[in-house]
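So you can see what is in the structure, the chains are spelled out below.
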Amino acid sequence: MSQSNQSKLQQALGDKKMMEQIVNSPDAKKLANMLTQGTNEASLQKIASSAAKGDTTQLKALIQSITSTPGGAELLQRLGNSFGQK
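This structure is a prediction, so every number in the text was calculated from the model and none was measured. (Residues numbered from 1 in each chain as written. Predicted model: local features only at pLDDT ≥ 70, side-chain atom pairs only at ≥ 80, totals over all residues. Heavy atoms only, no water.)

Asker: What is the right way to look at the nonpolar core in this model?
Answerer: Nonpolar side chains in soluble globular proteins tend to end up buried together. Of all hydrophobic cores here, the largest spans seven residues; its members are Met18, Ile22, Ala28, Leu31, Ile66, Leu75 and Leu79. Sorting the residues of this core by element identifies helix 2 (16–23), helix 3 (26–36) and helix 6 (72–85) as the ones contributing at least two each. (Core = buried A, V, L, I, M, F, W, Y, C linked by side-chain atoms within 4.5 Å. Buried < 20%, exposed > 50% of the residue type's maximum accessible area, 1.4 Å probe, protein only. Helix = DSSP H or I, 4+ residues; strand = E, 2+ residues; numbered from the N terminus.)

Here it is as structure tokens:
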């Protein structure tokens, strides 16, 4: 991630109003549904914990499973764009 993109992401994560809009968006709700289909909460927490410690193998696999579904890649793209446009 470039320094500029990282700065934009940090700025976006610090904007509570924008985060609420993104989290409550239809795209975020669709992503939440996709994440919980076939993956329980404990597994998601383990994946997040591993990624936070630097092991992104499981996270990459989870993202790949989403992008391989019809509409999954577009959904992630729209959510990613939300961070840059707000």
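Now that the structure has been shown, the text picks up again.
Asker: Can you walk me through the pattern of salt bridges in this structure?
Answerer: Note that side chains of opposite charge can pair when their charged atoms are close. Scanning the entire structure with this criterion turns up one salt bridge. Among the salt bridges present, the one from arginine 78 reaches aspartate 27, with a minimum N-O distance of 2.9 Å. With arginine 78 in helix 6 and aspartate 27 in helix 3, this pair connects stretches of sequence that are 51 residues apart. The class for arginine 78 is partly exposed, based on a relative accessible area of 37%. (Salt bridge = Lys/Arg side-chain N within 4 Å of Asp/Glu carboxyl O.)

Asker: Explain helix 3 to me, please; I cannot follow it from the model alone.
Answerer: The α-helix advances 3.6 residues per turn, and as a result positions three or four apart in sequence lie on the same side. Taken together, the buried positions of helix 3 are occupied by Asp27, Ala28 and Leu31. Seen along its axis, helix 3 keeps its buried residues to an arc of 95°; they face one direction. Positioned one or two residues after helix 3, glycine 38 has a phi angle of 85°, which is positive. (Arc of directions from axis to C-beta.)

Asker: Got a minute to help me understand the packing of helix 4 (residues 41–52) against helix 5 (residues 57–67) in this structure?
Answerer: Think of two packed helices as two axes; the pair is described by the angle between the axes and how far apart they sit. Between helix 4 and helix 5, the least distance of the axes is 7 Å, while the angle of their chain directions is 125°. It follows that helix 4 is oblique to helix 5 by the angle criterion. Residues Leu44, Lys46, Ile47, Ser50 and Ala51 of helix 4 form the contact with helix 5, whose own contacting residues are Gln58, Leu59 and Leu62. Here the residues of the contact of helix 4 with helix 5 are counted per class, giving five nonpolar, two polar and one charged. (Axes fitted to C-alpha atoms, helices over the stretch in contact; angles between N-to-C directions. Parallel < 35°, antiparallel > 145°, perpendicular 65-115°, else oblique. Contact = heavy atoms within 4.5 Å. Nonpolar A, V, L, I, M, F, W, Y, C, P; charged D, E, K, R; others polar.)

Asker: Please explain the side chain of serine 50 as it appears in this structure.
Answerer: Considering the arrangement of structural elements, one finds serine 50 in helix 4. Residue contacts for serine 50: discarding those within four places in its chain leaves Asp55 and Gln58.

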